[in-house]
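Descriptive structure summary
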Amino acid sequence: MSATAAAVTSAPVLVRRKSLWSKAAYKFRRDRAGMISLGFVLGYVLIALGVTLGWWATGWGDVAGGRWEAASAEHWFGTNLIGQDIFDRAIYSTKTAFEVGFVVAVLATTIGALLGAISGFFGGSWIDEIVLWLMGVLDSIPFYLFVAAIVFAMQESPYAMHVAMIATFWTGVGRLIRGEVIKLRGLEYVEAAHAIGVPEFTIIFRHILPNTTHILLVQATITFVAAIKSEVILSFLGLGVKDGMSWGLMIAESSQEVMAGFFNNFLAASVLMFGLVMAFNMFSDAMQDALDPRKVS
Amino acid sequence: MAIERTPLLSVQDLVVEFSTEHGVVRAIDRVSFDVYPNETIGIVGESGCGKTVTGLAVLGLIPSPPGRIVSGRILFQGRDLAKLSESELREIRGRDISMIFQEPMTALNPVFTIGNQMIDVLMVHRGLTRRQARGASIEMLDKVGIPVPGMRIDEYPHQLSGGMRQRVMIAMALSCDPKLLIADEPTTALDVTTQAQVLEQINKLQEEFHMAVILITHDLGVVAETCRRAIVMYCGRVVENAAIENLFRRPLHPYTAGLLDSIPQIRANRLAELPIIPGRVPDLLNLPDGCRFAERCCKVSERCRRESPVLEAFGDAGDCVACHTPGMPIRETVDV
Amino acid sequence: MSDTGKTPPLLEVRGLKKYFPVRGGVFNRVMAQVRAVDGVDFIIEQGKTLGLVGESGCGKSTLGRAILRLHEPTGGQVLVDGKDFTALSRKALVAERRRMQIIFQDPFASLSPRRTVAQIIREPLDVHRIGTVEERRQRVIELLDVVGMGPEVRDRYPHEFSGGQRQRVGIARALALNPSFIVADEPVSALDVSVQSQVLNVISALKREHGIAFLFISHDLAVIQHISDEIGVMYLGRIVERASVEALYRDPKHPYTKALMSAIPVPDPTRKSQRIVLGGDVPSPMNPPPGCPFHTRCPEVMAKCRSVVPETVDVGDDGASHVVACHLY
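Residues numbered from 1 in each chain as written. Chains lettered and ligands numbered in written order. Predicted model: local features only at pLDDT ≥ 70, side-chain atom pairs only at ≥ 80, totals over all residues.

Notes on the overall build of chain B
- Scanning chain B from terminus to terminus reveals 12 helices and 12 strands.
- Since a compact globule built from 336 residues should have a radius of gyration of about 20 Å, the 21 Å found for chain B is in line with a globular shape.
- Its C-alpha atoms give chain B principal-axis dimensions of roughly 65 × 50 × 50 Å.
- Summarising the internal contacts of chain B: among those between residues at least 6 apart in sequence, 64% fall at separations of at least 24. (Helix = DSSP H or I, 4+ residues; strand = E, 2+ residues; numbered from the N terminus. Rg over C-alpha atoms; globule rule 2.2 N^0.38 Å. Contact = placed C-beta atoms within 7 Å.)

So, in structure tokens, the structure goes:
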């Protein structure tokens, strides 16, 4: 050891300051509401998983009983107009909801992160101008008209809805990330990377984006919920899910039934959807609180 | 010291704790000192030693939760400030005891003119009319050395430089003629030349207004120039309380001596290496038994590790120190 | 400035300027220029330290970054070993960057929060593809040792360290490429007093044992005196005085230098300073006063100062250079 080193060190005592994530996990665990909502969300995930693996609700399309049967031991929520088991259909729809929500959340967040980061890092340049313009354009198109246009253009493909949602939801994430990146790029560790000679795109992906993951996580959950809610309305309008079943379609079906006095279909879909959206929202709030460095629990 | 004077402010065995997610942290631990009228005393220490918490505690400004005054007394003009209610404290703040802070930009409201803010203070505390308050404010701005006060009173904080804003803060703090001014690192955020101006201002005003001043700082140079007496804090405790001449010439506590040695100073013969205090300040969550400075002390003994020293009087100048073996070598003044 | 016969100095700065445009108005036009660095000249020889002192807004931090082209200079030249560094293309720049590194002021913002200490220190080696993976690992341990930290800290994250320790990691990173020159931008200003001396000693050791040249930027005259061989005093983007450290402290010439020195609070109550208190505030670098930039606050101002920019003259004796930009000389 050099002489200076010997003079300077004593026992290498490190300050055990927790990172953002471990602090967040600790705070989250202590958040009752957060933990309960997480439990609910995991419950839903399990249901959707079971459907995908074929454990249950496989017979959602079969005509299993008579018309508009009341809830019974055989059909827990009763049957619909054609005699299909409402419970099975509602459960199956959970899978659809997760599929839509997940695909849209992941892709929209990823695109938003990438474009937002590039736009923010090169803020003020032509790249930034283009991305901002794009965001502006997409934000000014009314959402449902946009979806209708895409559905038409994609010749009734079942993925039209996904494409439309991703194309509009990424802008929210993009703006947030752009703002954060503008802030981060002025920090000294980014200057240090420049001084060392790290190529610019490497700086974005190695140094800047990893420091935005807490924002991305929260945004992903918000997008997930937005996707599910949008899907319900789109399916109701006939622009959404084409093959398969979703809560939106069930509600669309039930609009006639309600007038005839049969509520099961409507209630099953609404309650299940409401449950998932509420739980996910609360989970998202709790996560945001946990990640907030200023909140002392 | 022949005359027995009553202190203006007497802090006795003050303890302040904060609840954090890792447990309860004792930010200051049985801090005691006296401040006499018309005297400037400095509270010196490094970050985390508790000097700011002490200043805030006097005025009941500790954010609660998560902090609170656990025990101890803060005697001011016969009343224990620690026991007063929030409304009683509000009457004292700004009128009998004032405080100025390090960052004038965040202490001043950016959407109101400085005139507005000063006039409000005067109208609330001295019951003046708006006209009278405006006149008094302009006078005050002039006293703190702000040129063309009649115009500047209608400006917003962002239109003023750092040094000016700090002077506006001082003007606001002094507008009600307080008996005690607590200044928490008032010049740390300022340039050296501006710092000189602001310190000079504080000194002048202290004489003119006959106030006592508690100057909280980490800069021993500032203390040497402005204070009559200094209190050195380490890790939440007072380790030395001495008259300025004594403190610099013959420090009593090894920490004080170490600090004085390690500060870079302008000297005729440059040192190849600066003396250092080895090690680091202990974590407040993980305090050692015994003396908190033991790990870094040059004359540590077994007793120091076991037993925490108590603040005791030393000599006859009213100095005290918390050390089992107080007294450090006499320091020669540095040749320039 | 440099003799054609001798070897060129390590670093030579000529007439360096950095202006920042201020945009505004409907079409985002350039309305004004902030003249952060307004014509700076100096030379740093191998292994020597130039201290740069000045108050906030004088442009010293911008100057340090402009030399490394972290801000592209608006004018002037930077010559490294006689070759024009400012004219290099972006590609050639990366290779040359190895010789010149930087240490920052803020220990909390200068290390990437999601990278371990080992990754942070190793990054320069990875970027320039130096050595094998195993050799890079070894080098990281060596560098940690140089700054007085043991190998066990390698897998820790920056938030687990104190300010002084983080500064030392930053220094280790700057050393990774074996630079000949380091810009130290207020490296100890954000640290506690008792830690400052520790880090200063590390920097002194680097000077002595590794022969690295430094541009040491600080507002603290005492720290600068301790560590520099030569000192430049900056005001509003210009160097108003530059001399060897002994000459500057013994015999400061420029009124601003004198005021600066008298303003430092000395930790010695027996010495009551004759303080030169400057009136007024520092003018805005967007609108520097005509003539000498200091004339608005100068206690020795003359009529000439208000209109004529003072030339830089060398008033040194004994062959040592002592330059001053003031009409008094």
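A short note on the confidence of the model for chain B
- Taken residue by residue, chain B gives an average pLDDT of 86. The fraction at 70 or more is 98%.
- Scoring the predicted complex yields pTM 0.82 and, for the interface, ipTM 0.82. (pLDDT = per-residue confidence, 0-100.)

Overview of the environment of Val315 of chain C
All names here are of chain C.
- Position of Val315 among the secondary structure elements: in the loop between strand E11 (312-314) and strand E12 (322-325).
- Using a count of 16 C-beta atoms within 10 Å as the deciding quantity, one classes Val315 as partly exposed.
- Spatially, the C-alpha atoms of Val315 and Lys253 are 9.2 Å apart, while their sequence positions differ by 62 residues.
- Apart from residues lying up to four places away in sequence, Val315 is in contact with Lys253, His322, Val324 and Tyr329. (Buried ≥ 20, exposed ≤ 12 C-beta atoms within 10 Å, placed from the backbone.)

What to know about the interface of chain B and chain C
- At the interface, 41 residues of chain B touch 32 residues of chain C.
- Residue assignment for the side of chain B that touches chain C shows that the elements contributing at least two residues are helix H7 (162-174), helix H8 (192-209), helix H9 (220-226), helix H10 (244-249) and helix H11 (254-262) of chain B.
- Taken together, the residues of the side of chain B that touches chain C sort by class into 20 nonpolar, 12 polar and nine charged. (Nonpolar A, V, L, I, M, F, W, Y, C, P; charged D, E, K, R; others polar.)

With respect to the packing of helix H3 (residues 117-127) of chain C against helix H5 (residues 163-175) of chain C
All names here are of chain C.
- The contact between H3 and H5 brings their axes to 7 Å, and the two run at 30°. Viewed along their axes, H3 and H5 adopt a mutual orientation that is roughly parallel. In this structure, H3 contributes Val117, Ile120, Ile121 and Pro124 to the contact, and H5 contributes Val169, Ala172 and Arg173.
- Grouping the constituent residues of the contact of H3 with H5 by class yields six nonpolar, no polar and one charged. (Axes fitted to C-alpha atoms, helices over the stretch in contact; angles between N-to-C directions. Parallel < 35°, antiparallel > 145°, perpendicular 65-115°, else oblique.)

Considerations on the sheet that holds strand E10 (residues 238-244) of chain C
Residues and elements named next belong to chain C.
- If you walk across this open sheet you meet the eight strands as E6-E7-E8-E3-E9-E10-E12-E11, and the pairing is mixed. The open sheet has two free edges, formed respectively by strand E6 (100-103) and E11, since each of these has just one partner strand. Taking each pair of neighbouring strands and ignoring which way they run, the sheet shows an average axis angle of 20°.
- Of the strand pairs in this sheet, E6 and strand E7 (residues 181-185) are connected by four bridges, and their pairing is parallel. Looking across to E7, one finds that Gln101 is bridged to Ile182.
- Those strands touched by H5 are E6 and E7, and its axis lies near 175° from that of E6. (Pairing = 2+ DSSP bridges.)

Points about the interface of chain C and chain A
- Facing 36 residues of chain C, the contacting portion of chain A comprises 25 residues.
- Sort the elements by how many residues they give to the side of chain C that touches chain A and helix H6 (residues 193-210) of chain C lands first, with five residues.
- Of the residues in the side of chain C that touches chain A, the class split is 16 nonpolar, 10 polar and 10 charged.

Quick look at the sheet that holds strand E2 (residues 23-35) of chain B
All names here are of chain B.
- Spatially, E2-E1-E4-E5 is the arrangement adopted by the four strands of the open sheet, whose pairing is antiparallel. In this open sheet, the two strands that pair with only one neighbour each are E2 and strand E5 (79-80).
- Relative to E2, strand E1 (residues 9-20) runs antiparallel, the two sharing 10 bridges. Residue pairing for E2: Glu17 is matched across the bridge by Arg26.
- Across the face of the sheet, helix H1 (residues 51-58) comes into contact with E1, E2 and strand E4 (67-76) while running at roughly 70° to E2.

A look at the pairing of E12 of chain C
Residues and elements named next belong to chain C.
- Burial of the side chains of E12 extends over both faces: His322 and Val324 are buried on one face and Val323 and Ala325 on the other.
- Pairing of E10 with E12, which is carried by three bridges, proceeds in the antiparallel orientation. Residue pairing across strands places Arg242 opposite Val323, the latter belonging to E12.
- In the sheet, E11 pairs with E12 via three bridges, with the strands oriented antiparallel. Bridging from a neighbouring strand, Val313 pairs with Val324 of E12.

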